[in-house]
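Take a look at the letters that make up each chain.
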Amino acid sequence: MIKILFICHGNICRSTMAEYVMKALVNKSGLSDTFFIDSAATSREEIGNPVHYGTRHKLEEVGIYCGNHKARQMQKHEYDEYDYIIGMDSWNIRNINRIIGNSDPEGKVSKLLDFTEEKGKDIADPWYTGGFDVTYSDVVEGCEAFLEYLKDKVDTVLFTPVDVPLFTARTVTQMLSLGYPLVTPVCDGNPGHPLLIRSTLIDSILSDDGSSGLEGAVGNCGTPMYFLNVDDPGI
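What comes next is a walk through the structure. These numbers come from a predicted model, not from an experiment. (Residues numbered from 1 in each chain as written. Predicted model: local features only at pLDDT ≥ 70, side-chain atom pairs only at ≥ 80, totals over all residues. Heavy atoms only, no water.)

Counting 35 residues, the largest nonpolar core has Ile4, Phe6, Val21, Met22 and Leu112 as the members making the most contacts within it. Counting residues per element, the ones that place at least two in this core are strand E1 (2-8), helix H1 (14-28), strand E2 (35-41), strand E3 (84-87) and helix H6 (132-154). Sort the elements by how many residues they give to this core and H6 lands first, with eight residues. Excluding anything up to four places from it in sequence, Leu112 contacts Phe6, Ala18, Ile86, Gly87, Met88, Ile123, Val139, Gly142, Cys143 and Phe146. By size, the runner-up hydrophobic cluster in this structure holds twelve residues, among which are Ala40, Met74, Ile96 and Ile99. (Core = buried A, V, L, I, M, F, W, Y, C linked by side-chain atoms within 4.5 Å. Buried < 20%, exposed > 50% of the residue type's maximum accessible area, 1.4 Å probe, protein only. Helix = DSSP H or I, 4+ residues; strand = E, 2+ residues; numbered from the N terminus. Contact = heavy atoms within 4.5 Å.)

Across the sheet, four strands lie side by side as E2-E1-E3-E4; this open sheet has parallel pairing. If you trace the sheet from one side to the other, it starts and ends with E2 and strand E4 (109-111), each paired once. For this sheet, the mean angle separating the axes of adjacent strands, direction not counted, is 25 degrees. When E3 meets E4, the two strands line up parallel, connected through three bridges. Bridged to Ile85 within E4 is Val109. Packing of H1 onto the sheet brings it into contact with E1 and E2, and relative to E2 it is tilted by some 170 degrees. Where helix H4 (residues 90-100) meets the sheet, its contacts fall on E1, E3 and E4, and the angle it forms with E4 comes to roughly 170 degrees. (Pairing = 2+ DSSP bridges. Axes fitted to C-alpha atoms, helices over the stretch in contact; angles between N-to-C directions.)

Before going further, it helps to examine the environment of Glu106. Note that Glu106 resides in the loop between H4 and E4. Under the relative-accessibility criterion, Glu106 is labelled exposed at 54%. Between the C-alpha atoms of Glu106 and Asp80, which are 26 residues apart in sequence, the distance is 9.5 Å.

Within the structure shown, the criterion is met by seven aromatic pairs. For the ring pair Phe36 and Tyr82, a centre distance of 6.2 Å and an interplane angle of 40 degrees mean the geometry is tilted. Of this pair, Phe36 sits in strand E2 while Tyr82 sits in the loop between helix H3 (78-81) and E3, and the two are 46 residues apart along the sequence. A relative accessible area of 38% places Phe36 in the partly exposed class. An aromatic cluster is present here, built from Phe6, Tyr84, Phe115, Phe146 and Tyr149 joined pairwise through their rings. When the ring centre of Tyr79 is taken as reference, the NZ or CZ atom of Lys108 above it lies at 4.8 Å. (Phe/Tyr/Trp six-rings, centres within 6.5 Å; stacked < 30°, edge-to-face > 60°. Lys NZ or Arg CZ within 6 Å of the ring centre and 35° of its normal.)

Structure (structure tokens):
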């Protein structure tokens, strides 16, 4: 499971907008079980307050419900709990780094628009500007680009050990302990052992016959395997 924490100053405008836009995009892509998405503030100014009416109205306008979210402040320990910590502007990034106090050794902290062609650009705070339409446009652009970036990490392959088990029990146990859901692989129409892994981890997985990664998987299967969440099912 990929865990994302969106951050802004008060957690009532931009970060909540990003949280619910991203949840909507993930759900539309059929990946909701693969993500955990939340948002928080760098400041204590709005703690306990609901989503700003401007953000709520804009999201309702496009059919996104933002629930009963209450503003909260990011905590230092959350650096270890999330895979990505995404701020909206340079001030957010400075305050995130102040909270975590570790100079981001794992490279988890980014601005949302860093995943677009406008890397480095800030998303304006509509609490000051009143421009919720402009902020929404930037948030959607950022979230769409961010999701495309993340899809490379969640695209999955159906491995199909029909004659020879491709993965050891230890490997399967390790994958399950990391939170990967189960699917049933198919090869030549026959069901294989249920297993789901991230494509980026394929090269680190060893098959029972000593081959590694995707090459070993193809060799054991003998026929094309099948991808989920991509247009072309072949490899």
